[in-house]
Structures are given as C-alpha cells and as structure tokens.
Amino acid sequence: MTYRALLEWLYGARRAGVKLELSRMAAHLERLGHPERRFRATAQVAGTNGKGSTVAYLEAALGEAGVVTGAFSSPHLLRFCERFRVAGVAADESALGAAGERVRAADPGGELTFFERATAMAAVVLAEANVDVAIFEVGLGGRFDATTAIIADVAAVTGVALDHQAYLGDTIPAIAAEKAAIFRRGQRAVIGCGGEPCAVPLLRAAAAAAGVDSIDVVDPSRVAGIPLAMAGEHQRANAACALAVAENLASMGAVRHDAAAFARGLSRATVRARLERVATAPAIVVDGAHNPHAAQALARWLATAADRPLWAVCGVAADKDIAGVVAPVAPLCDGWIATGANNPRAADPAIVAGAARRSNPLLEVTTCASVGGAIDDARAGAGETGMVIVFGSLMVCGEALAHITGAAADPIVLTDPVGALIDGKSR
C-alpha cells in the first residue's frame, strides 16, 4: 500500500465516525496475532489536556536511559506519520503502508473506524520495530477508546477538565469517570495534576475501586529543579506525570531506574505547537490551546510576555466551547484575526470573531478566510516589536506551521472525525 493509498483508505473510514466500544478492537488485535503483547511493557496516557506533552516527556526520559520507546499519539499537525514514533522519530511511509496492509487484511469487512485502524497500525508498527516500551495516548475519553483494548502495565490520567462534553458528560465527575475507566486490576495507576483539582480525589477513588496494584498521585514538585525546554508553568505538571510513569515502569522492573537520565530527558523534550516560537520580529508563537482549560494556561503565559502589541490568530473547531476558548485570551490582546482551518470541523470565523468582541469590546477584530492570510495580516499589525499568538485548534496550528516554516503537509487532509461524526451520525 502506497502512502497516498493508505491515507485514502483511512479517509474512507471516517464516514463510520466514532464508535465507542472495545469488542471490535479486541477481536481485531486477536486476528492480528496480538502484536501489542510483544512489548516489554506498555503505558497508556489519558487526560483532557497535556497528553501529548506527557507522552513526549516520557519518550525522552526513557530514551535518555537507553530504552527503545515506541509511541502512538494523536492528532497530527502536518503528516499522519507523526502519530507513530520509534525512539522519538516518526515512522516512515513504507512501515505505515505495510502495517496498513496487515490491518486491512485482518478486517475484510471494513468494520474498523478510522481511529481503530490507526491504533491497530500502531500496535503493528511498534511491534515490528521491536521497541522495549510502547506508549499509547488515548484519543477520546478512555472507557471505550480503542487504545484501552491494549492492556497497559501503567495507566496515567494527566488531569480532567471540561471538553468533549457531548460525548463524555457535561460535569467534571462524569468526565473523570470516563477517563478513570482505563484503570484496571493489577495495573499501576498514575494520577496527574494537570486538570481541575476537584478531579484528583475522584480519579484516586476510581483507581482504588478498579483494584490497581498502586496509586501514584503526582505533584509538580516532583520535577523541581529540572529545567524544561517547553514554555509554560503547566508543563511542569505534564513532566511530573511523565516522570511518575517512568518511575513506575522502573519499579516493576521493565526499565532501569536512572534519575539523572530521566531528568536529562525531561529537560530536552519538546512537542510542536506547544507555545512554540517559530519566528521573530514579530515573535510568532503557535499553541494548540483548544479548550477553555488550555486557553487559561495560555493566558497565564501571555500575561508574562513582554512583546507588544499582541495580536491573536484564532480558529476553533465547531464542536468546541468557542466562547470558553476565546475569553481568557482576548482581554490580553491588542488585535484579533479570526480564521478557520481548511477542514469541515472548523467553526465559522464570524462566530469566533463575535466571541472575541464580546470578551473585549475595545479589541480590533477582523476575519480572514485562510490561516496563512490571517498570519500575514497579524504580522503587519504586531510590527517588529510585537507578538502573534496562533491558537485555538491543532488544525489551525498545523496550517500555521506549514505557512511559516514551509514544512510539507500530507496530500490529503486527514483529521479525526470527532465533532463531525459519532456512531456514524452527523452532529
């Protein structure tokens, strides 16, 4: 299967939407011969925010200690290959094509959804690469996410905040229950502090009820004194969660405990579009703050930035709490350009612009149909001494990176169907 044919095959599966149940995925793994059982150990990372950063911190910490890591995360920014990493490097097209062939052959009826196909491919790719520790990032929720069909030795929830309420529930306890459902008897459970504080005791109680072997409740002080390459105080919670997972893997004998190596790894870990500074004069920072909790963390960081004037380029997915994403940031800005990604999930820029005006009536607000055009306009507004913050959707972030850096993107726009389709029905 060529890379383009793989993308087309995956794109076709998006029509099935998101089907939240595990039996189909479990049966498929069995037909594949259980590649997910070939790892020395497996970790699973769930949570509302910080999953991608936590996975990257964990990859770097273990890699510095000599562990060959494999990781599956989502979504991608520019290329589908980004979701599959071996020793921190994206899988090549041929490996993905071969994995796609195996997954398709084991699913002759074409029943698997987009994310199930991707998860099954990850199990194959990482097994074929003979990684020591495989790390799977949850796509949506936890209880019925495809990654939960893979039995993890250490399961972590980075934190809980409001997001995807239409699918996970509209309260913190309801969402916490969905995410805590990844905990299983005999596992080691890690409970992060990257969300709402009230969720921590809920997660701890759920882990105890599940019969896990141990519960590790994380505190940011765990990484005190370790300099982090990624900006933002919220990253300390993500790094601490990753360190806890690494230490639990070491405690169970899956990896060697090397505190110095773990610290070196944490200090060098980076993820694209997490307060990523991609240009100067004006400074351009790209951040995937796509829900209210993440936008609040972004606002706390922006409040400390000296670059002025501050212009925002903001595009949000239509299924998100648009007002909640916009409100923390708009009062800090001097100018605002609402835009949208080239994707059917994107909200109308006029809606985003309206939310910005309501949050800051004095703000200069305009709209632009394209992300690239919005960035060019914001650059002009910010001038050489100012800053442009691009945020609101990882789809927007990906287009921003392509526009600013010239990085290549896939020939087919391929995003998870969440927000557009669930259980095969339009939403």
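Everything quoted here is computed from the prediction, not taken from an experiment.

1. Structural notes on the overall build of the chain
Point 1. For the chain, the count of helices and strands is 15 helices and 16 strands.
Point 2. Once the C-alpha set of the chain is aligned to its principal axes, its extents read approximately 60 × 50 × 35 Å.
Point 3. A total of 427 residues make up the chain; the buried ones form 60% of that total.
Point 4. With an accessible surface of roughly 15700 Å², the chain has 52% of that area assigned to carbon and sulfur atoms.
Point 5. Averaging the coordinates of the 39 positive side-chain charges in the chain and doing the same for the 43 negative ones gives two points 3 Å apart.

2. Quick word on the layout of surface pockets
Point 1. Computed from the structure, the second largest pocket encloses a volume of approximately 690 Å³.
Point 2. Around the second largest pocket sit 30 residues that line it, and Glu 59, Arg 85, Gly 88, Thr 270 and Val 271 are the ones nearest its centre.
Point 3. The residue inventory of the lining of the second largest pocket, partitioned by class, reads 13 nonpolar, 8 polar and 9 charged.

3. Let's talk about the packing of helix H7 (residues 172-180) against helix H8 (residues 199-210)
Point 1. With their axes 9 Å apart at the nearest point, H7 and H8 run at an angle of 40° to one another. It follows from the interaxial angle that H7 and H8 lie oblique. The chirality of how H7 crosses H8 is right-handed. Judged by residue contacts, Ile 172, Pro 173, Ala 176 and Ala 180 of H7 engage Ala 199, Leu 202, Leu 203 and Ala 206 from H8.

4. Quick look at the sheet that holds strand E2 (residues 69-72)
Working definition: the strands of a sheet are paired by backbone hydrogen bonds and lie parallel or antiparallel to each other.
Point 1. Strand order in this open sheet of 8 strands is E4-E3-E2-E5-E1-E6-E7-E8, and the pairing throughout is mixed. Of all strands in the sheet, those with a lone pairing partner are strand E4 (89-90) and strand E8 (214-217), marking the two edges.
Point 2. Pairing of strand E6 (residues 154-157) with strand E7 (residues 188-191), which is carried by 4 bridges, proceeds in the parallel orientation. Its bridge partner lying in E7, Ala 156 is registered against Val 190.
Point 3. Where helix H5 (residues 114-128) meets the sheet, it contacts E2, strand E3 (84-86) and strand E5 (133-137), and its direction lies at approximately 175° from that of E2.
Point 4. Of the strands in this sheet, strand E1 (41-46), E5, E6, E7 and E8 touch helix H9 (residues 234-251), which is tilted by about 165° from E7.

5. Description of the environment of Ala 134
Point 1. With respect to the element layout, Ala 134 can be found in strand E5.
Point 2. Those residues within four positions of Ala 134 in sequence are excluded, and the remaining contacts are Phe 39, Ala 41, Thr 42, Ala 43, Gly 70 and Leu 126.

6. Let's talk about the pairing of E7
In the case of a regular strand, side chains alternate between the two sheet surfaces.
Point 1. In this sheet, E8 lies alongside E7 in parallel orientation, the contact comprising 4 bridges. Across the sheet, residue Ala 189 finds its bridge partner in E8, namely Ile 215.
Point 2. Taking the sense of rotation as the criterion, the β-α-β connection linking E7, H8 and E8 turns out right-handed.

7. Regarding the state of the cysteines
Point 1. Applying the stated criterion across every chain yields a total of 0 disulfides.
Point 2. Free cysteine Cys 368: the closest other cysteine sulfur is in Cys 314, separated by 13 Å.

8. Description of the sheet that holds strand E14 (residues 387-391)
Point 1. Across the sheet, 6 strands lie side by side as E9-E10-E14-E11-E12-E13; this open sheet has mixed pairing. Of all the strands in the sheet, the pair left with one neighbour each is strand E9 (276-279) and strand E13 (364-367). Here the strands of the sheet are splayed against their neighbours by 20° on average, with no regard to which way each runs.
Point 2. Both strand E11 (residues 310-314) and E14 contribute to a ladder of 5 bridges, which runs parallel. What sits directly across from Cys 314, in E14, is Phe 391.
Point 3. Each of E9, strand E10 (283-287), E11 and E14 touches helix H11 (residues 292-302); the most contacted strand, E14, lies at about 170° to it.

9. With respect to the packing of helix H3 (residues 51-64) against helix H10 (residues 259-268)
Point 1. At a minimum axis separation of 7 Å, H3 and H10 run at an interaxial angle of 140°. Comparing the axis directions of H3 and H10 gives the class oblique. For the pair H3 and H10, the sense of crossing is right-handed. Between H3, through Tyr 57, Ala 60, Ala 61, Leu 62, Gly 63 and Glu 64, and H10, the contact on the second element is made entirely by Ala 261, Phe 262, Arg 264, Gly 265, Leu 266 and Arg 268.
Point 2. Across the contact of H3 with H10, the residue classes break down as 7 nonpolar, 2 polar and 3 charged.

10. Quick notes on the nonpolar core
Point 1. One finds Leu 10, Phe 80, Phe 84, Leu 96, Val 103, Met 121 and Phe 136 to be the most contacted residues of the largest nonpolar core, which totals 39 residues.
Point 2. Broken down by element, this core gets its largest block of residues, 11 residues, from H5.
Point 3. With sequence-adjacent residues up to four places away left out, Phe 84 is seen in contact with Ala 71, Phe 72, Val 89, Ala 90, Ala 91, Leu 96, Ala 118, Met 121 and Ala 122.
Point 4. By size, the runner-up hydrophobic cluster in this structure holds 38 residues, among which are Val 218, Leu 243, Ala 246 and Ala 250.

11. What to know about H11
Point 1. The buried fraction of H11 amounts to 9 of the 11 residues, a majority that puts the element mostly inside the structure.
Point 2. Along H11, the residues that are buried comprise Pro 292, His 293, Ala 294, Ala 295, Ala 297, Leu 298, Ala 299, Trp 301 and Leu 302.
Point 3. Elements in contact with the buried residues of H11: H9, E9, E10, E11, helix H12 (322-326) and E14.

12. Section: the confidence of the model for the chain
Point 1. Across the chain, the average pLDDT comes to 95, with 97% of residues at or above 70.
Point 2. Across residues 420-427, confidence stays below pLDDT 50; counting only partners more than four residues off in sequence or on other chains, it has 22 contacts.

13. Brief notes about the side chain of Gln 44
Point 1. Along the chain, Gln 44 falls in strand E1.
Point 2. Taking relative accessible area as the criterion, Gln 44 reaches 3% and is therefore assigned buried.
Point 3. For Gln 44, the contacting residues outside a window of four places in its chain are Phe 136, Val 138, Thr 147, Thr 148, Ala 152, Val 154, Ala 155, Ala 156 and Ile 182.

Rules of the game
- Residues numbered from 1 in each chain as written.
- Predicted model: local features only at pLDDT ≥ 70, side-chain atom pairs only at ≥ 80, totals over all residues.
- Heavy atoms only, no water.
- Helix = DSSP H or I, 4+ residues; strand = E, 2+ residues; numbered from the N terminus.
- Buried < 20%, exposed > 50% of the residue type's maximum accessible area, 1.4 Å probe, protein only.
- Areas by Shrake-Rupley, 256 points an atom, 1.4 Å probe, with all protein chains shown as cover.
- Lys, Arg positive; Asp, Glu negative; His and termini not counted.
- Charge placed at Lys NZ, Arg CZ, Asp CG, Glu CD.
- 1 Å grid on protein atoms, 1.4 Å probe; cavity = no way out; pocket = protein on both sides within 12 Å on 5 of 7 lines; lining within 4 Å.
- Points joined across faces, edges and corners; volume = space filled by probe spheres on them.
- Nonpolar A, V, L, I, M, F, W, Y, C, P; charged D, E, K, R; others polar.
- Axes fitted to C-alpha atoms, helices over the stretch in contact; angles between N-to-C directions.
- Parallel < 35°, antiparallel > 145°, perpendicular 65-115°, else oblique.
- Left-handed = near helix turned anticlockwise from the far one by under 90°.
- Contact = heavy atoms within 4.5 Å.
- Pairing = 2+ DSSP bridges.
- Right-handed = clockwise from strand over helix to strand, strands pointing away.
- Disulfide = S-S within 2.5 Å.
- Core = buried A, V, L, I, M, F, W, Y, C linked by side-chain atoms within 4.5 Å.
- pLDDT = per-residue confidence, 0-100.

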